[in-house]
Amino acid sequence: TGSPEPPVVGQAAWALANLAILDEAKAQLHALSAVSALVDRLEDLTAAHDPGDGGPAATAMQQIVRCIANLLVRADCRQALPARNGAPVIVASAAATPGNDGLSAAVARSLANFSFDHAAQVVHAGGLPLLIAMLSSGATQLEHGALGAVLNISAVTMHIEALIEHGVLGPLTEIQSR
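Keep in mind that this is a model prediction, so the values were computed, not measured.

Draft legend 1. Geometry of the overall build of the chain. Assigned secondary structure in the chain consists of eleven helices and zero strands. Its helices and strands in sequence order give the chain the pattern α-α-α-α-α-α-α-α-α-α-α, from N to C terminus. The globule rule puts the C-alpha radius of gyration for 178 residues at 16 Å, and the 16 Å found for the chain is close to it. Counting over 178 residues, the chain shows a buried share of 46%. Accessible area for the chain stands at about 8,500 Å²; split by element, carbon and sulfur atoms hold 58% of it. Here the chain contributes 8 positive and 15 negative side-chain charges, whose respective centroids are spaced 8 Å apart.

What follows is the structure, encoded as structure tokens:
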């Protein structure tokens, strides 16, 4: 049998994301290697996605990233993401769906949770331009998620220069002057 269609993938990911708010479910999903499976599916959908299409594939991508964000609250799940080289896949999913604020918010939350103890991987995955663009979006949900990641990344001294070079000071100052 082939891969399920995006609407089926999206519904399953949505259910998993809802379930993954419970610690017990997170533990079971970790034992099932869900982070790796979700990243694999996200990578497939991202590669095949038409950026102008906001249909079932975009919804599936959003729900997969939402589930990943919920799982990345756990340290063992955060360890599973670099094992799969998942940070670049998450960043690429946002680039593949410009204007999809739901997916972007899930990406921001994923990067915020992941950067708690993997800031370097977010930087190396190309996450800084995306996060800094979110800070300038004017959308509270995007700004909030991006701020979580920027805060975690800025706590690692070796990444401060990269944040400044990518232009983080302007958006952070703008947020203060609203």
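Draft legend 2. Structural detail: the nonpolar core. In terms of nonpolar packing, the biggest core is built from 54 residues, with L71, V107, L111 and L131 touching the most fellow members. Every residue in contact with L71, bar those within four places of it in the chain, is listed here: A20, K26, L29, A34, V35, L38 and C77.

Draft legend 3. Summary view of helix α8 (residues 127-135). Among the nine residues of α8, seven are classified as buried, and the element is accordingly described as predominantly covered. Within α8 the residues assigned to the buried category are G127, L128, L130, L131, I132, M134 and L135. For α8, the elements touching its buried residues are α6 (86-96), α7 (101-124), α9 (140-154), α10 (160-165) and α11 (169-176).

Draft legend 4. How the structure looks around the environment of L169. By the element assignment, L169 lies in helix α11. Separated by 37 residues in sequence, L169 and I132 have C-alpha atoms that sit 9.3 Å apart.

Draft legend 5. Broad picture of the pattern of salt bridges. For the coordinates displayed, the defined rule picks out six salt bridges. Residue E43 pairs with R84 through a salt bridge whose shortest N-O separation is 2.4 Å. Residue E43 is located in helix α3 (residues 34-48), and its partner R84 is located in the loop between α5 (75-83) and α6; the two are separated by 41 residues in the primary sequence. On the accessibility criterion, R84 (17% relative accessible area) is buried. For the salt bridge of E143 with R178, the shortest nitrogen-to-oxygen distance reads 2.7 Å. Of this pair, E143 sits in helix α9 while R178 sits in the segment after α11, and the two are 35 residues apart along the sequence. The exposure class assigned to E143 is buried, which follows from its relative accessible area of 7%.

Draft legend 6. Expanded view of the state of the cysteines. Evaluated as defined, the whole model comprises zero disulfides. Counting only cysteine sulfurs, C77 is the nearest neighbor of C67, a cysteine outside any disulfide, at a range of 9.1 Å. The exposure class of C67 is buried, given its relative accessible area of 1%.

Draft legend 7. Structural context of the side chain of S104. Residue placement: S104 occurs in helix α7. For S104, the contacting residues outside a window of four places in its chain are M134 and L142.

Draft legend 8. Here's a closer look at a nonpolar patch on the surface. A surface patch of nonpolar side chains, about 250 Å² in accessible area, is lined by I160, I164 and L169. Within the secondary structure, I160 sits in helix α10.

Draft legend 9. Unusual backbone geometry, seen in detail. We note that S33 has phi near 60°; this positive angle belongs to a residue other than glycine. Inspection of the secondary structure assignment puts S33 in the loop between α2 (23-31) and α3. Positive phi outside glycine occurs at N85, with the angle close to 55°. Its location among the elements puts N85 in the loop between α5 and α6. Classification of N85 as partly exposed rests on a relative accessible area of 49%.

Rules of the game
- Residues numbered from 1 in each chain as written.
- Predicted model: local features only at pLDDT ≥ 70, side-chain atom pairs only at ≥ 80, totals over all residues.
- Heavy atoms only, no water.
- Helix = DSSP H or I, 4+ residues; strand = E, 2+ residues; numbered from the N terminus.
- Rg over C-alpha atoms; globule rule 2.2 N^0.38 Å.
- Buried < 20%, exposed > 50% of the residue type's maximum accessible area, 1.4 Å probe, protein only.
- Areas by Shrake-Rupley, 256 points an atom, 1.4 Å probe, with all protein chains shown as cover.
- Lys, Arg positive; Asp, Glu negative; His and termini not counted.
- Charge placed at Lys NZ, Arg CZ, Asp CG, Glu CD.
- Core = buried A, V, L, I, M, F, W, Y, C linked by side-chain atoms within 4.5 Å.
- Contact = heavy atoms within 4.5 Å.
- Salt bridge = Lys/Arg side-chain N within 4 Å of Asp/Glu carboxyl O.
- Disulfide = S-S within 2.5 Å.
- Patch = residues over 30% accessible without salt bridge, like charges linked within 9 Å, V, L, I, M, F, W, Y side chains within 5 Å.

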